Amino acid sequence: MTMKLGNRRYTDELSAANDGEQVCIAGWVHEKRDLGGVFFLIIRDLKGLAQVTLHRGNVDAELFRRVKRVPRESVVAIEGRVKSEEKAPAGYEIIPERMEVLSEASPVLPLDTTDKVVAELDTRLDARFMDLRRERVKHIFIIRSRVLKAMRDFFDEHGFIEINTPKVVSAATEGGTALFPISYFEREAFLNQSPQLYKQMLMASGFDRVYEIAPIFRAEEHDTTRHLNEATSADIEVAFATMEDVMAILEELIAFVYARIADYPGLSSLGVDLEVPKLPFKRITYDEAIEMLSEAGEHIEWGEDLSTSAEQMLGEMIGEHYFITDWPSAIKPFYAQPSAHRSDICDAFDLMHPRLELASGSQRVHSYELLKSKIESKGLSADSFEFYLEAFRYGMPPHAGWGLGVERLLMSMLEIGNIREVVLFPRDRRRLVP
Ligand code: AMO
């Protein structure tokens, strides 16, 4: 390699104003267009596209021949002169003097990066490295990165401490979803379904406000557009707080993230016009939800969970983010605090986007005796939760928290129908590679 790539300019750093300047750009051969007397090589880098123009007769014949021959998607560096050109998409073109092929692509590509040929999601995920070269897909992951950064900034500004809890664990947390067993030396262990037990134990540490953004593993057999077997959860736990307090934190976080992303220019390539949701979000109780559904002709037996179709009906009726509170204890995990005024319901909530569930949380049981009996009443063995229960015996403040699905949040913000679109390398019932 002889070109100095350290000096290379991104395509968006150049414009007609650089007319006459000698520059080096580097990237992928996005497209080649042969118009007879003139040949266009479109170079793509992280920031966009640049048109490299070769006029037959005006450039070195050997360079012309090499440019024509370079396979699409090869990685090249080009040195040349910027020329202001109204007809070029970015208002300038590059008249090349040298081209170095840094990595030649095989001629038959697994995917078309110019979006002229639409590929099935499976084909795209099989060649994800190349799918990510597409404009729309690139923006999804830049937004994902910005959403995670916005969340961390929000938590930081609100006095939270970031924690990292183990992903190899000995006990289940979320009744109802299966665990992935793994072999851990001579013992059986599991991949963690949620940081639930650990974030609660940290409430006994005096940390008061903790958050974690990390993978959760769920051995759910079903193959849907909203479930992954490895997902990312943003979890918080707050001491001396009630369910209402953490619901307020959650809605503020959602509005904060929307506001951060709303002016991101890449949204237009996704066709999304992001409106920051108004606060506070509507709150309905579980009883009100089943009443509304029954009036709309959908019967839900009291104590039954809401089906996907019921969730969608409610979403259509409400039309914006909303909370469902006061759930029957029977369908919420053992750690949800029973309601002070009704024994069969608990202080738990789900946050719904009209299209899907985004988060769930609750006020937690902080009495050792009650927690132990609730674990047993769910048919679980208190022995396997001893390490957790211990934290409730020597001074545990009242606390509340929630878990928010990062992929679900992205899907809802970006109006994306399949959760796999917002994960680099999704893990589902059938997919373990790449
Ligand atoms: P829950 O099980 O409801 O609650 O999970 C919280 C949120 O995580 C997301 N989520 C998923 N996303 C994609 N694929 C999955 N298989 C999947 N499972 C869950 C959803 C869901 O709302 N410990 C409690 C939280 C708490 O009370 O603090 C919990 O894990 O968006």
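Given the structure is predicted, the values throughout are model-derived calculations rather than measurements.

*Asks:* Mind laying out the overall build of the protein chain, listing which residues take part and the relevant values?
*Replies:* Broken down by element type, the protein chain carries 11 helices and 16 strands. Over its C-alpha atoms, taken along the principal directions, the protein chain stretches across nearly 85 × 55 × 40 Å. Counting across all 434 residues of the protein chain, residues that qualify as buried make up 51%. Of the contacts formed within the protein chain by residues at least 6 apart in sequence, a portion of 66% connects residues at least 24 apart. Looking at charge distribution, the protein chain has the averaged site of its 52 positive side-chain charges lying 8 Å from that of its 71 negative ones.

*Asks:* With reference to specific residues and values, describe the packing of helix 4 (residues 135-157) against helix 11 (residues 406-414).
*Replies:* The relative placement of two packed helices is expressed as an angle between their axes plus a distance between the axes. For the pair helix 4 and helix 11, interaxial distance at closest approach is 11 Å and the crossing angle is 120°. Here helix 4 lies oblique to helix 11, going by the angle between them. Considering the relative orientation of helix 4 and helix 11, their crossing is right-handed. From helix 4, Ile140, Ile143, Arg144, Val147, Leu148 and Met151 reach across to helix 11, where they touch Val406, Glu407, Leu409, Leu410, Met413 and Leu414. For the contact of helix 4 with helix 11, the class distribution of residues is 10 nonpolar, no polar and two charged.

*Asks:* I'd like to hear about the sheet that holds strand 1 (residues 22-34), residue by residue, with values.
*Replies:* Read once around its circumference, the closed barrel built from five strands follows the order 1-2-3-5-4, with strand pairing classed as mixed. Neighbouring strand axes in the sheet, compared pairwise and without regard to direction, differ in orientation by 50° on average. Direction of pairing for strand 2 (residues 38-45) relative to strand 3 (residues 48-55): antiparallel, over a ladder of eight bridges. Directly across from Phe40, in strand 3, lies its bridge partner Thr53. Against the sheet, helix 1 (residues 61-69) touches strand 1, strand 2, strand 3 and strand 5 (92-103), its axis set at about 70° to strand 5.

*Asks:* Please provide a residue-by-residue account of helix 4, values included.
*Replies:* Helix length check: helix 4, at 23 residues, gives a terminal C-alpha distance of 33 Å against a target of 33 Å (1.5 Å per residue), a fit within 8%. Just past helix 4, the residue Gly159 takes up positive phi, approximately 75°.

*Asks:* I'd like a rundown of the site of the ligand, residues and numbers included.
*Replies:* Around the ligand, a shell composed of 24 residues is seen, among which Gln196, Arg218, Glu357, Ser360 and Arg364 lie nearest. Within the side chain of Lys199, one N or O atom sits 2.7 Å away from an oxygen atom of the ligand. For the ligand, an oxygen atom lies 2.5 Å from a polar atom in the side chain of Glu357. For the ligand, the accessible surface in isolation is 620 Å², of which the surrounding protein chains cover 93%. In terms of residue count, the dominant contributor to the shell around the ligand is strand 15 (residues 356-363) (five residues). Partitioned by chemical class, the residues of the shell around the ligand number eight nonpolar, eight polar and eight charged.

Reading the values: rules and limits
- Residues numbered from 1 in each chain as written.
- Predicted model: local features only at pLDDT ≥ 70, side-chain atom pairs only at ≥ 80, totals over all residues.
- Heavy atoms only, no water.
- Helix = DSSP H or I, 4+ residues; strand = E, 2+ residues; numbered from the N terminus.
- Buried < 20%, exposed > 50% of the residue type's maximum accessible area, 1.4 Å probe, protein only.
- Contact = heavy atoms within 4.5 Å.
- Lys, Arg positive; Asp, Glu negative; His and termini not counted.
- Charge placed at Lys NZ, Arg CZ, Asp CG, Glu CD.
- Axes fitted to C-alpha atoms, helices over the stretch in contact; angles between N-to-C directions.
- Parallel < 35°, antiparallel > 145°, perpendicular 65-115°, else oblique.
- Left-handed = near helix turned anticlockwise from the far one by under 90°.
- Nonpolar A, V, L, I, M, F, W, Y, C, P; charged D, E, K, R; others polar.
- Pairing = 2+ DSSP bridges.
- Expected span 1.5 Å × (residues − 1).
- Near = heavy atom within 4 Å.
- Polar contact = N/O pair within 3.5 Å; in protein donor to acceptor, adjacent residues only side chain to side chain.
- Areas by Shrake-Rupley, 256 points an atom, 1.4 Å probe, with all protein chains shown as cover.

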